[in-house]
Amino acid sequence: MAIIASWNINSVRIRVEILKEFISEIKPDIILLQEIKCTNDEFPNFYSALNYELIVNGQKGKYGVAILIRKELNFKSIELKNEILSSESRTNFIYVDKFNLNILNVYTPNGNPVEDKKKFDFKISWLSEIKKVSTHFINNLDNLLIAGDFNVLENKSDVLNFNDWENDALGCIETRKIFRELLSSGLTNVVRIFKKPGTSFSYWDYQRACWERNDGLLIDHFLISPKYLKFVKNINFGSKYRGMTKPSDHIPIWINLDI
């Protein structure tokens, strides 16, 4: 059994202790982190003592993604030669030998406000390029997992009151359309296999007592290619980590693979 986790950590340097607690409890083989908010050199070195290696694509003050992977797992990094995807620190891409799996860690642009055409168009273009990556790997019959913070409300039940989000970059029809096009490249959104829409959220805003009122959103996803779906046994939402002291506004999510 293998465990792959994803977590928008919202500043890794602030959340080291809560991240270490998660690792101690769940013992994931691979952890995909988004919004680490630090440069490569600033990433705290707590992971070596916990038997992980680090792949990091940092950026000072904002964005940034990283992967923690068990030292015994052989992997190679994959370069995305793409101007849009490499313009900001929002992706890591690796191939893991033991799992025969390509894993793309993503932190999709928020895109708000929609009225800011440059920001919103960048989000749509960015997701379009992710779709091209997916199409390439799936057409080659390569196993692929794309996971992370997509900043997309795929289903109207992925938030308590969808009417409040129809004109937001997370829920508007253009965003949901390009996300569906990404899925149509041959990916399955794992949560749809195991959870009824509206029963699981991954993000709660710090404002308006959203956590206390369970006014959350599901915007973090695991998208997996057809042949590999048979290995996925479940998906888990670590809601308790949102209720801890100084939490991220996102929670960790992880899948168990029978491989």
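All values derive from a computational prediction rather than experimental measurement.

Caption draft 1: Representation of the packing of helix α2 (residues 117-139) against helix α3 (residues 173-184) within the structure. Relative to each other, α2 and α3 sit at 10 degrees, their axes nearing to 9 Å. Here α3 runs roughly parallel to α2, going by the angle between their axes. For the pair α2 and α3, contact is made by F120, K123, I124, L127, S128, I130, K131 and S134 and by E174, T175, I178, E181 and L182, respectively.

Caption draft 2: Spatial organisation of the side chain of K123. Structurally, K123 is set in helix α2. For K123, which is buried and forms no salt bridge, the nearest opposite charge comes from D168, at a distance of 6.3 Å.

Caption draft 3: Region of the structure containing the pattern of salt bridges. For the structure shown, the criterion picks out 13 salt bridges. Linking D121 and K117 is a salt bridge whose minimum nitrogen-to-oxygen distance equals 3.0 Å. Remark: K117 and D121 occur in helix α2; sequence separation between them is four residues, near one turn of the helix. Residue D121 is classed as partly exposed on the basis of its relative accessible area of 31%. In the salt-bridge network here, residues are joined through shared partners; they are E154, D158, R180 and R192.

Caption draft 4: Fine view of the pairing of strand β7 (residues 101-107). Of all seven residues in β7, seven are buried; the element is thus mostly enclosed. Neither face of β7 is open: one carries L101, I103, N105 and Y107, the other N102, L104 and V106, and all of them are buried. Two strands pair when backbone bridges link them, and strand β6 (residues 91-96) and β7 are joined in this way by six bridges, in the antiparallel orientation. From the neighbouring strand, T91 faces β7, where its bridge partner is V106. Two successive antiparallel strands, β6 and β7, enclose a turn made up of four residues, where N100 displays a positive phi of approximately 50 degrees.

Caption draft 5: Geometry of the side chain of S185. As for its placement among the helices and strands, S185 is situated in the loop between α3 and β9 (188-189). At 2.6 Å, the side chain of S185 and the side chain of S134 are in polar contact. Here the side chain of S185 touches L182 through a polar contact of 2.5 Å, landing on its backbone oxygen. Each residue touching S185, except ones within four places of it in the same chain, is listed here: K131, S134, T135 and I138.

Caption draft 6: Inspection of the environment of I138 at higher detail. Turning to its location among the elements, I138 is positioned in helix α2. Distance from I138 to S225, taken between C-alpha atoms, is 6.9 Å for residues 87 residues apart in sequence. Those residues in contact with I138 that lie beyond four places of it in its chain are S185, G186, L187 and S225.

Caption draft 7: Examining the nonpolar core more closely. I4, I30, I103, L145, F222 and I255 are the most contacted members of the largest nonpolar core, which totals 31 residues. Among the nonpolar cores identified, the runner-up in size contains 25 residues, and F93, W126, A169 and L187 belong to it.

Caption draft 8: Seen up close, the pairing of β6. Within β6, six of the six residues are buried, which leaves it mostly tucked inside the rest of the structure. Residues of β6 alternate between two faces, with T91, F93 and Y95 on one and N92, I94 and V96 on the opposite face, all of them buried. Where strand β5 (residues 75-77) and β6 come together, three bridges link them in antiparallel fashion. The residue bridging S77 from the neighbouring strand is I94, located in β6.

Caption draft 9: Representation of the layout of surface pockets. Each pocket or cavity is described by its volume, and for the largest pocket that value is around 380 Å³. The wall of the largest pocket is formed by 23 residues, among which N110, W165, L170, Y203 and D205 lie closest to the centre. A per-class count over the lining of the largest pocket returns nine nonpolar, six polar and eight charged.

How each quantity is defined
- Residues numbered from 1 in each chain as written.
- Predicted model: local features only at pLDDT ≥ 70, side-chain atom pairs only at ≥ 80, totals over all residues.
- Heavy atoms only, no water.
- Axes fitted to C-alpha atoms, helices over the stretch in contact; angles between N-to-C directions.
- Helix = DSSP H or I, 4+ residues; strand = E, 2+ residues; numbered from the N terminus.
- Parallel < 35°, antiparallel > 145°, perpendicular 65-115°, else oblique.
- Contact = heavy atoms within 4.5 Å.
- Buried < 20%, exposed > 50% of the residue type's maximum accessible area, 1.4 Å probe, protein only.
- Lys, Arg positive; Asp, Glu negative; His and termini not counted.
- Salt bridge = Lys/Arg side-chain N within 4 Å of Asp/Glu carboxyl O.
- Pairing = 2+ DSSP bridges.
- Polar contact = N/O pair within 3.5 Å; in protein donor to acceptor, adjacent residues only side chain to side chain.
- Core = buried A, V, L, I, M, F, W, Y, C linked by side-chain atoms within 4.5 Å.
- 1 Å grid on protein atoms, 1.4 Å probe; cavity = no way out; pocket = protein on both sides within 12 Å on 5 of 7 lines; lining within 4 Å.
- Points joined across faces, edges and corners; volume = space filled by probe spheres on them.
- Nonpolar A, V, L, I, M, F, W, Y, C, P; charged D, E, K, R; others polar.

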